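So the chains spell out like this:
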Amino acid sequence: MKATLAPFSFTSLPYRTNSSFRSPSLLLKSPSSASLTTAARGSVALKATTSTEALREGIAEFYNETSGLWEEIWGDHMHHGFYDPDSSIQLSDSGHREAQIRMIEESLHFAGVTEERVKRVVDVGCGIGGSSRYLASKFGAECIGITLSPVQAKRANDLAAAQSLSKRVSFLVADALEQPFEDGKFDLVWSMESGEHMPDKAKFVKELVRVAAPGGRIIIVTWCHRNLSQGEETLQPWEQNLLDRICKTFYLPAWCSTDDYVNLLQSHSLQDIKCADWSENVAPFWPAVIRTALTWNGLWSLLLSGMKSIKGALTMPLMIKGYKKGVIKFGIITCQKPL
Ligand code: SAH
C-alpha cells in the first residue's frame, strides 16, 4: 500500500516523461538546459539531488507510519495478490493472503527459478520482509532485505527472530540505488513492488544487475504505465494527468513501461529477458483493499493511523481507474545474468 499525503512539492521531484526516461542523461535537463549558465546548471542539479533526497525521506516516513496498519489488516506481504483472471468470487481475508503468496509463486514460476540454484537472495525494497522469510524458508537460502524505512527493517528483523530465521534472514536500511553489497553476490535478485518508487530506473536496473551472481536471476514485479505505440512519444495528457494525481498522493516519481525495463535489461546484455502483463490477475486486489478499509475496524484503524493512510485510502480508486482504462499495468520483468 503506497498512498499518502505529500509533505513537499512533488512538482520538484525529478519527474520524467516517458521519452526523457529513455535517455537517462536527460534526468537533470530541463528543455532549455542547453542554454543554461554553468551556475544555473549547478542549481538545477542541486535541486534534483535535493528532490531525490526528499523522495527518499518521504518514502521512509510513509512506510514508518503506515506499515503497522497494513500488517494488522493484511499481514506481512505488502504487495498485490495474484488471482485467476475474471475471478469474481468474494474471497475471505485468508483467500487474499493466499493470493499474495501465489504472487510470489507465480513470479518464481514465470522466471523459471528452481530450488537448487537459490542459495543467496536479496530482497530489494523488502517491506517488513514477507517475501524474504518466505523465500528463505522455501529455498533454505540466506536472504538480505533492504528498505528505506527503519521501522520496517526493525519489524522485519523481529519477525525473522520470532520465526527462528535470524541466522539466515536479516534486514537493513539501505538505498536500492546504492546497495551496500559486493558485485555478483546473489543468485536471486528480487524486487517485489518497489521499482515504482525508484527515481532513476536506469540506476536501479544497473544495481540489480551488479549484485546478481553470474547465472543469477533478476525478478522485477512492478507498477508500470502502458507501453507506448509506435510513433507515440508520450502518454495522452489525460493519462499523464491520472498518473500525476497518483504520484502526488503516493511517493512515486515518474512511471515507465515494461518496454522501458526490457530496453534497459537489453542494454546490459542479459539473457532470457521475459516480461508479462499481469494486470488482469491483480484486478480484484484494490477493490478488496477498499472493502477492508470500509469496515468499522478498517475505518477506525485508518483514523488512528493518521492522514497518510487516509489520503492513501482516498487514492485507491484512482489505481482501479488506471487499471480499468489500461493506463496502469502490473508487470513482471525477469532475466538471467550470463555465466
Ligand atoms: N516488497 C515488499 C514491500 C513492497 S512496498 C513486499 O512485497 O511486501 C515498497 C518497499 O520499497 C518499501 O519497503 C520501501 O521502503 C521500499 N523502497 C522504496 N524505495 C526504495 C529505495 N530507494 N531503496 C530501498 N528500498 C526502497
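Everything discussed here concerns the structure shown above.
Conventions we followed
Residues numbered from 1 in each chain as written. Predicted model: local features only at pLDDT ≥ 70, side-chain atom pairs only at ≥ 80, totals over all residues. Heavy atoms only, no water. Axes fitted to C-alpha atoms, helices over the stretch in contact; angles between N-to-C directions. Helix = DSSP H or I, 4+ residues; strand = E, 2+ residues; numbered from the N terminus. Parallel < 35°, antiparallel > 145°, perpendicular 65-115°, else oblique. Left-handed = near helix turned anticlockwise from the far one by under 90°. Contact = heavy atoms within 4.5 Å. Nonpolar A, V, L, I, M, F, W, Y, C, P; charged D, E, K, R; others polar. Buried < 20%, exposed > 50% of the residue type's maximum accessible area, 1.4 Å probe, protein only. Arc of directions from axis to C-beta. Core = buried A, V, L, I, M, F, W, Y, C linked by side-chain atoms within 4.5 Å. Near = heavy atom within 4 Å. Polar contact = N/O pair within 3.5 Å; in protein donor to acceptor, adjacent residues only side chain to side chain. Pairing = 2+ DSSP bridges. Salt bridge = Lys/Arg side-chain N within 4 Å of Asp/Glu carboxyl O. Right-handed = clockwise from strand over helix to strand, strands pointing away.

Undergrad: What's the story with the packing of helix α3 (residues 93-111) against helix α4 (residues 130-139) in this structure? I'm lost.
TA: The description of two helices packed together rests on the angle between their axes and the distance between the axes. At their nearest, the axes of α3 and α4 sit 11 Å apart, and the two run at 60° to each other. On the basis of the axis angle, α3 is oblique to α4. Along this stretch, α3 crosses α4, giving a crossing that reads as right-handed. Counted together, Ile101, Ile104, Glu105 and Leu108 of α3 and Ser131, Tyr134, Leu135, Lys138 and Phe139 of α4 form the full contact between these two elements. Split by residue class, the contact of α3 with α4 holds six nonpolar, one polar and two charged.

Undergrad: Just checking my understanding: could you explain helix α10 (residues 285-293) for this structure?
TA: Every α-helix winds through 3.6 residues per turn, so residues three or four apart in the chain are directed the same way. Looking only at α10, the buried set comprises Phe285, Trp286, Ala288, Val289, Thr292 and Ala293. Relative to the axis of α10, the buried residues are bounded by an arc of 155° and lie together on one face.

Undergrad: Explain the nonpolar core to me, please; I cannot follow it from the model alone.
TA: If you look at soluble globular proteins, the nonpolar side chains tend to sit buried side by side. Of all hydrophobic cores here, the largest spans 62 residues; its most connected members are Leu108, Leu188, Trp190, Ile219, Trp255, Trp286 and Met319. Excluding residues that lie within four positions of it along the chain, Trp255 makes contacts with Trp223, Cys224, His225, Leu243, Ile246, Cys247, Met319 and Ile328. Ala176, Ala202, Ala212 and Leu265 belong to the second-largest nonpolar core, a separate cluster that totals 29 residues.

Undergrad: I tried to follow the site of the ligand on my own but got confused; where do I start?
TA: The full set close to the ligand counts 19 residues, and Met78, His79, Gly125, Gln152 and Ala176 are the nearest of them. Within the side chain of His79, one N or O atom sits 2.8 Å away from an oxygen atom of the ligand. In the model, a nitrogen atom of the ligand is placed 2.9 Å from a nitrogen or oxygen of the Asp175 side chain. Residues of the shell around the ligand, tallied by class, amount to nine nonpolar, eight polar and two charged.

Undergrad: I'm lost on the sheet that holds strand β4 (residues 186-192) in this one. Help?
TA: Two modes of strand pairing occur in sheets, parallel and antiparallel, and in both the strands are linked by backbone hydrogen bonds. Here we have seven strands laid out as an open sheet, ordered β3-β2-β1-β4-β5-β7-β6, and mixed in their pairing. Each of the sheet's edge strands pairs with one partner strand only, and the pair in question is β3 (169-173) and β6 (271-277). The mean inter-strand angle of the sheet, taken between neighbouring strand axes irrespective of direction, is 15°. Where strand β2 (residues 142-147) meets β3, five bridges bridge the pair, whose relative direction is parallel. Residue pairing in the sheet places Gly145 in a bridge with Phe171 of β3.

Undergrad: It is not clear to me how the pattern of salt bridges should be interpreted in this structure. Could you clarify?
TA: All chains considered together, the criterion is met by 15 salt bridges. Two residues, Arg155 and Glu71, come together in a salt bridge whose shortest N-O distance is 2.7 Å. Highlighted residues: Arg155 in helix α5 (residues 150-162) and Glu71 in helix α2 (residues 38-74), separated in sequence by 84 residues. A salt bridge links Arg133 to Asp76, with the nearest nitrogen and oxygen atoms 2.9 Å apart. Placement of Arg133 in helix α4 and of Asp76 in the loop between α2 and α3 is noted, with a sequence separation of 57 residues between them. You can call Arg133 buried: its relative accessible area is 3%. By sharing partners, the salt bridges in this structure join Glu53, Arg56 and Asp175 into a single network.

Undergrad: For this particular structure, what's the right way to read the side chain of Glu193?
TA: Examined against the element boundaries, Glu193 turns out to sit in the loop between β4 and α6 (201-211). Polar contacts involving the side chain of Glu193 include one to the main-chain amide nitrogen of His80, which spans 2.7 Å. A distance of 3.0 Å separates the side chain of Glu193 from the side chain of Trp223, its partner in a polar contact.

Undergrad: Help me understand the pairing of β4 in this model?
TA: Regular strands show a simple pattern: their side chains alternate between the two faces of the sheet. The buried fraction of β4 amounts to six of the seven residues, a majority that puts the element mostly inside the structure. As paired elements, β4 and strand β5 (residues 212-225) share six bridges and run parallel to each other. In the strand pairing of β5, Val189 is matched with Ile218. Remark: the β4/α6/β5 crossover connection has right-handed handedness.

Undergrad: It is not clear to me how the pairing of strand β1 (residues 120-124) should be interpreted in this structure. Could you clarify?
TA: For β1, the tally of buried residues reaches four of five residues, placing the bulk of the element in the interior. Remark: the β1/α4/β2 crossover connection has right-handed handedness. Relative to β4, β1 is paired through three bridges, and the arrangement is parallel. Directly across from Asp123, in β4, lies its bridge partner Trp190.

Read these as spatial facts, not as claims about activity.
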